Each structure stands twice: as C-alpha cells, then as structure tokens.
Amino acid sequence: MQFQLLSLFVIQILSRVGAELFTSNAHLQTALFAEKDIADLLKDYVKQEEARLENIKKLAEDFESHANKGLSDISSYLGNPVNAFLLIKRFTLDWDKNVSPVISNGTWDNMFQELQQARTDLPTFDDLKGAASALMRLQDTYQLDTSKVAHGNLAGIKSPILSEDECYELGRLAYNDGDFYHTSLWMEQALNKRKTGMQRAGEDGDKRCADFLDYLAFSYFKMGNVPQALDLTNELLSIDPYHERATNNKRYFEAMMADESQKGKFSKEQSRKEYQANRDEYRNSNEFLNYEALCRGEDTQPLKDADKFTCRYVTNNHPLLILQPAKEETMHLDPWLVVYHNVLSDEEIDTIKRLATPRLNRATVQNAKTGALETANYRISKSAWLRNDESEIIKHINDRMQAITGLEMDTAEELQIANYGLGGHYEPHFDFARKEEKDAFKSLGTGNRIATFLNYLSDVEAGGATVFPYIGLKLFPKKGNAAFWYNLHRNGDGIYNTRHAACPVLVGTKWVANKWIHERGQEFRRQCGLDPDE
C-alpha cells in the first residue's frame with residue numbers, strides 16, 4: 001500500500017513538472033524540490049520498514065522461543081489443555097491481530113504468500129472453537145473452578161495463567177454457541193481481572209468493563225436470573241449512562257421483576273439450575289451423572305463381591321505364557337472383567353505409535369440404523385488401524401492376546417489405535433451390536449463382538465479413565481496394562497452392564513489399542529452352554 005502511494009506521488013509530481021523542464025530554470029527548481037520531497041518520502045518509508053522488520057524479528061524470536069518450549073517436552077506441553085487452547089489461539093485470533101498487520105505489505109507479498117501457505121498445516125478457527133468446547137467439557141466433567149483455571153491451577157496441576165482477553169475470548173466463543181452458562185463463567189473472570197488491574201492502577205470503570213457486563217447481563221437473563229441481570233445492567237449504566245441496549249434492557253428487567261407471576265422464580269441457584277435444565281435429557285440422566293462422577297474418581301456404588309477378587313498368573317498351557325505368565329487381576333465378577341499387567345513392552349508401544357501416527361484420522365462410530373461410519377460429538381479422538389502383516393511386532397501382540405484370552409484372533413478386527421488429545425473422550429456406549437442393530441457388523445461377516453481387549457499405551461497425568469457407570473467401576477490408564485471383558489453371554493445375548501466410557505483427558509495424552517474379538521471362530525474356544533439362557 002505504501003509503495004503504491006509512493007508511485008502515485010511520483011506520478012503526480014512528474015505530471016506537474018512534466019514537459020520541457022529544460023526550457024525554464026524555475027521549472028527545474030520545482031523538480032529539485034520534488035526530488036527532495038521524494039527523498040524524504042523514501043527515508044520515511046525506510047524508517048517504517050526498519051521498524052516493521054524489527055517487529056518481525058521480535059515475532060520470529062517469540063515463535064522460536066514458544067516452539068522450543070513446547071518441543072522440549074511435547075507430550076507434557078500439549079497434554080495440558082490450556083496450553084493446547086493457547087497454541088490454537090496463537091494461529092487464529094492472535095495471528096490476525098498480531099502477525100498479519102506486521103507482515104502484510106506490498107513489498108512482502110511473496111513472503112506473505114509463503115507464510116499463508118505454511119498456515120495450511122496450522123490450526124483453524126474450527127480448531128479454536130473445538131478447543132474452547134473441550135475446555136468447557138473438562139470444566140463440567142471435573143467440576144473445575146473457573147477462577148482457578150484462569151489463574152493457572154488446573155485441578156492442582158500448574159497451568160498457564162489466562163489473560164483478561166483470553167477469558168473474554170472463551171466467553172465469547174461460548175456465547176456464539178448459545179452456551180450462556182459458560183459465557184457467564186468466563187466473562188466474570190474477564191471482568192474480575194479487568195477490575196483487579198484497574199484497582200492497582202487507580203482507575204475507574206471503562207468501556208472494556210461495559211463490554212463484559214453487557215455479555216454477562218444478557219447471559220444471566222437467558223439463564224433465568226433476572227435480578228442478577230438487572231444488577232449487572234445497572235453497573236453497566238453507571239459506566240456508560242447512554243448505552244442504548246442496556247437502557248432498554250433495564251426497563252424490561254424491571255417490568256419482569258414487578259410482574260407478580262414472576263416473583264419467587266429468581267434465586268442465586270437459578271443459573272446452575274437453568275444450566276442443568278438446558279442440558280439435554282440424557283446428560284441429566286443417572287447414567288451420565290454416574291459417568292461424570294466416576295471420571296472424577298468418585299465411588300458411585302460398592303463393587304459387588306469385591307472380597308472375592310483375586311490376582312493370579314495365567315498360562316492357559318500356552319507356549320507363549322509358560323515362561324512369562326500373564327498377570328491377571330480381577331476387577332469385577334459379574335460381568336467378569338480383568339486387567340492384565342505389563343502386557344506390552346515400551347518397545348512394542350513405541351512401534352505401535354510410530355506406525356499409527358502418520359495415518360491417524362478422526363475416529364468414527366457406526367450408525368445404528370445404516371451401519372455406516374460417521375463422526376460424532378460424543379466421540380472425540382483420532383484412530384488408525386494396524387494389520388498383522390505390517391510388522392512382526394503387531395503379529396506378536398495379536399498372538400499374545402490370543403494366548404491370554406484363549407480366543408481366535410483371525411476373525412477379530414484389526415488392531416485399532418486411538419489417540420485422545422485435548423478433552424478427548426468417548427461417552428457411554430456398548431462395544432457389541434444390539435439386536436435391533438442387525439447391520440452393524442454385516443460387512444465383516446464375523447458376527448457380533450464377543451469380547452474386548454483394551455491395551456493402554458500411555459499413562460495419563462489426570463483424567464482419561466475407562467468407566468462402567470452401571471457397576472461403578474473405574475480403570476485409570478497405566479502404560480503397558482490391558483483390560484479384558486466379554487460383551488456377550490454364551491448364548492449370544494449382550495451383557496448390558498459392560499456399557500462403558502472413555503473419560504475426557506484432563507491433562508496429558510491418552511493412547512490405547514483396541515482389539516475387538518468376534519463370534520466366528522470361537523465355536524470351540526468359548527462353547528455355548530446347555531442352558532439357552534446362560
């Protein structure tokens with residue numbers, strides 16, 4: 001833009017002193033003054049470019065410092081959901097605000113295009129919205145105090161402190177999604193941080209506070225807390241007495257408060273109640289509430305027959321287990337569910353991750369009616385499938401699972417590797433297909449999923465448990481361990497108490513390897529009983 005203005009300026013000067021300058025010294029004198037003006041303009045342009053280059057240098061140093069900090073321990077850094085959110089924010093909101101104005105210049109078009117091309121591998125605004133949604137999911141599931149999160153305390157784990165603007169952006173993202181409960185939580189943090197900073201500086205209310213109050217008042221109104229909405233509106237008007245929307249809202253809120261039919265409906269707890277009411281029916285169900293409680297590590301019910309649980313070595317008279325028996329720990333008897341300790345070595349886990357990482361894609365679920373694979377908001381992870389013939393190590397792992405379970409693996413599904421990142425989860429579900437889901441595994445031709453062998457490929461710093469809401473069982477990931485359970489009774493009916501979920505990852509990264517074992521091939525390995533109801 002500056003270069004274009006410079007060109008236009010030169011053209012205008014030349015048009016004025018244009019023809020036959022040599023015939024008049026006066027005209028030549030004008031040209032000398034014009035030349036001086038051009039020189040001054042070019043010097044000013046150089047100064048601006050030098051200042052811009054200095055800013056670009058600072059940007060480069062900031063990017064390098066930030067990248068080095070994250071790359072020094074990628075798993076730990078990206079395992080923190082606040083770090084992940086802020087990283088995405090850097091390349092979405094902050095990019096347009098801090099980077100584009102510095103580097104977008106006519107003389108830098110080529111570099112700018114190269115940078116824009118590089119951005120194709122960086123997060124998008126959809127990623128930003130997803131990261132914000134994940135943070136709020138973690139807030140709900142783990143009942144995190146918003147103030148503590150904003151001040152760098154993530155369930156007792158040190159985390160980046162969020163600025164006033166970052167709290168505001170989280171609130172605004174929630175607002176745009178129609179989530180007024182979380183809007184209020186984050187706008188309150190933005191307002192508190194603003195007020196605290198102003199008190200230190202000895203300043204009074206300002207336009208920024210008015211913006212926060214505007215969002216807050218409307219959010220409380222939408223949640224049914226009209227008294228709080230009115231108080232916030234009055235505070236807004238004390239800062240900006242001529243705020244048109246606030247003035248109109250105040251009259252409306254006062255009319256509602258004066259309405260006899262509305263009295264008694266407002267209370268301090270109304271906001272939370274309204275939030276609970278606005279959650280869909282399933283998220284207010286006992287199953288979902290139990291799921292969230294188990295994710296937090298709470299006990300929802302005593303484990304039945306816990307005094308009969310055992311630990312033992314298992315060989316199954318199999319050559320692979322004679323010298324190195326499987327270490328089996330009973331976690332539940334009915335349904336029978338066990339954990340095998342130290343099933344996978346670090347070398348095997350590293351191989352699995354290395355093979356799976358390049359082909360990770362958004363995990364899908366099967367449509368109950370059509371059997372088609374599709375993405376869903378209740379399953380947030382990325383997955384890949386590894387075949388037996390891809391690596392001798394994968395074959396050895398499958399052989400070991402066959403030795404431990406005594407079940408045929410040739411008809412099982414390929415090893416599914418799943419990676420749960422920021423807020424990654426999979427809400428309560430069955431691994432087997434119900435009777436009405438006749439086409440769920442039709443394309444495989446191997447019958448229903450008779451059992452599940454779930455390998456944990458990583459430890460998780462916080463969250464990420466596998467929970468069973470109907471039996472009150474919670475299994476926290478431990479690298480190298482595996483959980484095993486049957487999904488079907490011997491007569492082929494589903495075991496409904498095996499309904500389970502993968503809790504959101506609070507801090508860390510969760511890797512698992514699923515092996516779903518099917519009915520075909522098990523006829524002589526897990527035989528039907530004499531009782532049809534068994």
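What counts as what
- Residues numbered from 1 in each chain as written.
- Predicted model: local features only at pLDDT ≥ 70, side-chain atom pairs only at ≥ 80, totals over all residues.
- Heavy atoms only, no water.
- Core = buried A, V, L, I, M, F, W, Y, C linked by side-chain atoms within 4.5 Å.
- Buried < 20%, exposed > 50% of the residue type's maximum accessible area, 1.4 Å probe, protein only.
- Patch = residues over 30% accessible without salt bridge, like charges linked within 9 Å, V, L, I, M, F, W, Y side chains within 5 Å.
- Areas by Shrake-Rupley, 256 points an atom, 1.4 Å probe, with all protein chains shown as cover.
- Salt bridge = Lys/Arg side-chain N within 4 Å of Asp/Glu carboxyl O.
- Helix = DSSP H or I, 4+ residues; strand = E, 2+ residues; numbered from the N terminus.
- Disulfide = S-S within 2.5 Å.
- Contact = heavy atoms within 4.5 Å.
- Axes fitted to C-alpha atoms, helices over the stretch in contact; angles between N-to-C directions.
- Left-handed = near helix turned anticlockwise from the far one by under 90°.
- Nonpolar A, V, L, I, M, F, W, Y, C, P; charged D, E, K, R; others polar.
- Polar contact = N/O pair within 3.5 Å; in protein donor to acceptor, adjacent residues only side chain to side chain.
- pLDDT = per-residue confidence, 0-100.
- 1 Å grid on protein atoms, 1.4 Å probe; cavity = no way out; pocket = protein on both sides within 12 Å on 5 of 7 lines; lining within 4 Å.
- Points joined across faces, edges and corners; volume = space filled by probe spheres on them.

1. Things to note about the nonpolar core
- Counting 60 residues, the largest nonpolar core has Phe 85, Leu 170, Trp 186, Val 467 and Leu 506 as the members making the most contacts within it.
- Within the second largest apolar cluster, 39 residues are counted, among which are Met 401, Leu 407, Ala 482 and Trp 511.

2. Re a nonpolar patch on the surface
- A contiguous nonpolar patch, built from Leu 71, Ile 74 and Leu 78 and spanning about 270 Å² of accessible area, is present on the exposed surface.
- Tracing the backbone through its elements, the reader meets Ile 74 in helix H3 (residues 74-79).

3. Examining unusual backbone geometry
- In this structure, Pro 335 follows Asp 334 across a cis peptide bond, with omega equal to 5 degrees.
- Inspection of the secondary structure assignment puts Pro 335 in the loop between strand E4 (326-332) and strand E5 (337-341).
- Residue Ala 155 is not a glycine yet carries a positive backbone phi of 55 degrees.
- With respect to the element layout, Ala 155 can be found in the loop between strand E1 (153-154) and strand E2 (157-158).

4. Concerning the state of the cysteines
- By the definition in use, this model includes one disulfide.
- The disulfide that involves Cys 295 links it to Cys 503, with 2.0 Å between the sulfurs. Note on the Cys 295 and Cys 503 pair: the S-S dihedral is about -85 degrees, so by sign convention the disulfide is left-handed. Of this pair, Cys 295 sits in helix H15 (residues 286-295) while Cys 503 is found in the loop between strand E18 (500-502) and strand E19 (505-507), placing the two residues 208 residues apart along the sequence.

5. Some thoughts on the environment of Pro 325
- Counting through the fold element by element, Pro 325 comes out in the loop between helix H16 (319-322) and E4.
- Between the alpha carbons of Pro 325 and Val 314 there is a distance of 5.3 Å; along the sequence they are 11 residues apart.
- Apart from residues no more than four positions distant in its own chain, Pro 325 is found in contact with Tyr 313, Val 314 and Thr 315.

6. Here we look at the packing of helix H9 (residues 164-176) against helix H11 (residues 207-222)
- Taken N-terminus to C-terminus, the directions of H9 and H11 make an angle of 30 degrees; their axes are 12 Å apart at the nearest point. The chirality of how H9 crosses H11 is left-handed. Counted together, Glu 164, Asp 165, Tyr 168, Arg 172 and Tyr 175 of H9 and Arg 208, Phe 212, Tyr 215, Phe 218 and Ser 219 of H11 form the full contact between these two elements.
- Its residues assigned to classes, the contact of H9 with H11 shows five nonpolar, one polar and four charged.

7. Side note on the side chain of Ser 219
- Relative to the elements of secondary structure, Ser 219 occurs in helix H11.
- Among the polar contacts listed, one links the side chain of Ser 219 to the backbone oxygen of Tyr 215, at a separation of 2.8 Å.
- Excluding residues that lie within four positions of it along the chain, Ser 219 makes contacts with Tyr 175, Phe 180, Thr 183 and Ser 184.

8. Quick notes on the confidence of the model for the protein
- Confidence along the protein averages 85 in pLDDT terms, with 83% of residues attaining 70 or more.
- Contacts for the low-pLDDT stretch residues 1-28, under 50 throughout, to residues beyond four places or in other chains number 21 contacts.

9. Quick look at the pattern of salt bridges
- Overall, the coordinates contain 27 salt bridges when judged by the stated rule.
- For the salt bridge of Arg 525 with Glu 408, the shortest nitrogen-to-oxygen distance reads 3.3 Å. Here Arg 525 is found in the segment after strand E20 (510-518), whereas its partner Glu 408 is found in the loop between helix H18 (392-405) and strand E11 (415-420), with 117 residues between them in sequence.
- A relative accessible area of 39% places Arg 525 in the partly exposed class.
- Overlapping salt bridges, with partners in common, bring together Glu 164, Asp 165, Arg 194, Asp 206 and Arg 208 in one network.

10. Some words on the environment of Tyr 470
- The topology assignment puts Tyr 470 in the loop between strand E15 (466-468) and strand E16 (473-475).
- The exposure class assigned to Tyr 470 is partly exposed, which follows from its relative accessible area of 42%.
- It is 7.3 Å that separates the C-alpha atoms of Tyr 470 and Glu 287, two residues lying 183 residues apart in sequence.
- The residues contacting Tyr 470, other than those within four sequence positions of it, are Glu 287, Gln 301, Asn 497 and Arg 499.

11. Some words on empty space enclosed by the protein
- Tallied over the entire structure, the rule returns one cavity of 30 Å³ or more.
- Space inside the largest cavity adds up to approximately 160 Å³.
- Around the largest cavity, the lining is made up of 16 residues, and of these Tyr 420, His 429, Leu 454, His 500 and Asn 514 lie nearest the centre.
- At the level of secondary structure, the elements contributing two or more residues to the lining of the largest cavity comprise strand E12 (425-429), strand E13 (449-456), E18 and E20.
- Among the elements that take part in the lining of the largest cavity, E20 stands out by supplying four residues, more than any other.
- Here the lining of the largest cavity is built from residues that sort into eight nonpolar, five polar and three charged.

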